[in-house]
Structures are given as C-alpha cells and as structure tokens.
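In case you want the letters, here they are:
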Amino acid sequence: MIHKVMNSIFEVMETMFYFTVEERNVPESDLSVLFDGQDVRACKVTFSGEHSGAIFLLIPKNVLVSMTENFMGEDGANLSDELTDGTLKEALNMVAGNALTKVNEQSYMGLGIPEMVAPSLLPMNKDCVVFDTGKGLMAACIELES
C-alpha cells in the first residue's frame, strides 16, 4: 500500500503543486527526529473497505506555504494558517483518493475527511516515506488496521 501512496504523491505534487519530489532514503531509526526543531503541520485521513487504516502527511510550514502559493496563486505573505492547513488537507485527500483507487478498482474503499493532527501522532516507522521537495523534506506514513 505504501508504494501506491508514494506513486500518488509523485503525481499529485507535480500536477497540482508544481513540485518535483524525490524519495529520500532515511533509516527508520532517524525518522522520529528528522523534523525536530521545525515548524511542521500534520494531517490524517482514514480509509475503510478491503483495507482499513489511515494515511498521514507531515510537511514543514515553509514547504506548505510554497505549496499553497502554487496551488492558490497567492503570495505567501498573505497566507493564513487556515489556508495552508486547507492546502494540506486537500493534498492528503488527493493523494489518498488517487492511491486507494489504484489498490483495487473493483472494491469500495471509503475515505474519511482529512483532519489536522499533532505531528507526534504520526507512526514514524517502516511504513513511512520521506520526500525531498526541493524546498524541504516531507513525510507520508500509512497505518493499517489488522
């Protein structure tokens, strides 16, 4: 499932936010401290169906401001937290929707409403992927229910 999310991030970040992202290999032991000291925002969306769980995005504020500028066509100096959080929620919604349709087009996968969460809630483990956006790093994680 994480590979579907990865491919979706490549597509969504390039087509909707004009960012070319590259996967960055980070040892699992370094994931929990990778964003220490940065102003980061995190978002979660749940899904259910054949597979159930949650997908998370973690993006530093400076990267999120650049994404919002590109997405909304607005100057970063005029962007509120509400707008940048909205961009993060929409990005996660697009990534999750795209990825889940590629898991199994034949079965229904319900998608929840993206919600902001504390960055500390992300399951920074082997099911996380780090991307270099050219403006900074971002992370995507998946948590499957058993």
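Structure's up top.
Summarised in this report is the structure supplied together with it. All figures in this text were calculated on a predicted structure; none of them were measured in a lab. (Residues numbered from 1 in each chain as written. Predicted model: local features only at pLDDT ≥ 70, side-chain atom pairs only at ≥ 80, totals over all residues. Heavy atoms only, no water.)

### Observations concerning the overall build of the chain
Check the secondary structure of the chain and you find four helices and seven strands. For the chain, the sequential pattern of α-helices and β-strands runs α-β-α-β-β-α-α-β-β-β-β. By the compact-globule yardstick of 15 Å for 146 residues, the chain fits well, its C-alpha radius of gyration being 14 Å. Each of the three principal axes of the chain carries a C-alpha extent, and together these read 45 × 35 × 25 Å. In the chain, which comprises 146 residues, the share counted as buried stands at 44%. When contacts within the chain are restricted to residue pairs at least 6 apart in sequence, long-range pairs at least 24 apart make up 69% of them. Of the accessible surface of the chain, which amounts to about 7400 Å², a share of 46% is contributed by carbon and sulfur atoms. Distance between charge centres in the chain, computed from 9 positive and 22 negative side chains, equals 1 Å. (Helix = DSSP H or I, 4+ residues; strand = E, 2+ residues; numbered from the N terminus. Rg over C-alpha atoms; globule rule 2.2 N^0.38 Å. Buried < 20%, exposed > 50% of the residue type's maximum accessible area, 1.4 Å probe, protein only. Contact = heavy atoms within 4.5 Å. Areas by Shrake-Rupley, 256 points an atom, 1.4 Å probe, with all protein chains shown as cover. Lys, Arg positive; Asp, Glu negative; His and termini not counted. Charge placed at Lys NZ, Arg CZ, Asp CG, Glu CD.)

### Description of the state of the cysteines
Here the structure, examined in full by the defined rule, presents one disulfide. Sulfur-sulfur distance for the disulfide between Cys 128 and Cys 141 comes to 2.1 Å. Handedness here is read from the sign of the S-S torsion; for Cys 128 and Cys 141, about 110°, the answer is right-handed. Here Cys 141 lies in strand β7 (residues 137-144) and Cys 128 lies in strand β6 (residues 128-132), a separation of 13 residues in the sequence. Judged by its relative accessible area of 11%, Cys 128 is buried. Exposure remark for Cys 141: the relative accessible area of 0% places this residue in the buried category. (Disulfide = S-S within 2.5 Å.)

### A word on the layout of surface pockets
By volume, the largest pocket amounts to about 150 Å³. Surrounding the largest pocket, 13 residues form its lining, Ser 32, Phe 35, Asp 36, Leu 58 and Pro 119 being those nearest its centre. For the lining of the largest pocket, a count of residues per class yields eight nonpolar, four polar and one charged. (1 Å grid on protein atoms, 1.4 Å probe; cavity = no way out; pocket = protein on both sides within 12 Å on 5 of 7 lines; lining within 4 Å. Points joined across faces, edges and corners; volume = space filled by probe spheres on them. Nonpolar A, V, L, I, M, F, W, Y, C, P; charged D, E, K, R; others polar.)

### Structural notes on the packing of helix α1 (residues 2-17) against helix α4 (residues 81-103)
Across the interface, α1 lies against α4 with an axial gap of 8 Å and an inter-helix angle of 130°. If you check the angle between α1 and α4, you find them oblique. Viewed along their axes, α1 and α4 form a crossing whose handedness is right-handed. Contacts from Lys 4, Val 5, Ser 8, Ile 9, Glu 11, Val 12, Met 16 and Phe 17 in α1 reach Thr 87, Ala 91, Met 94, Val 95, Asn 98, Ala 99, Lys 102 and Val 103 in α4. In terms of residue class, the contact of α1 with α4 is made up of ten nonpolar, three polar and three charged. (Axes fitted to C-alpha atoms, helices over the stretch in contact; angles between N-to-C directions. Parallel < 35°, antiparallel > 145°, perpendicular 65-115°, else oblique. Left-handed = near helix turned anticlockwise from the far one by under 90°.)

### Concerning the pairing of β6
Within β6, four of the five residues are buried, which leaves the element mostly enclosed by the surrounding structure. In this sheet, β6 lies alongside strand β1 (residues 22-24) in antiparallel orientation, the contact comprising three bridges. The partner of Arg 24 across the bridge, within β6, is Val 130. Taking the residues that link successive antiparallel strands as the turn, the β6-β7 hairpin has four residues, and the phi of Gly 134 there is positive, at about 90°. (Pairing = 2+ DSSP bridges.)

### A closer look at the packing of helix α3 (residues 61-72) against α4
The interhelical angle for the contact between α3 and α4, taken along N-to-C directions, is 80°, at an axis separation of 9 Å. Judged by the inter-axis angle, α3 sits roughly perpendicular to α4. Packed against α3, whose contacting residues are Lys 61, Leu 64, Val 65, Met 67, Thr 68, Phe 71 and Met 72, the element α4 presents Asp 81, Leu 83, Thr 84, Thr 87, Leu 88, Glu 90, Ala 91 and Met 94 at the interface. Residues of the contact of α3 with α4, tallied by class, amount to nine nonpolar, three polar and three charged.

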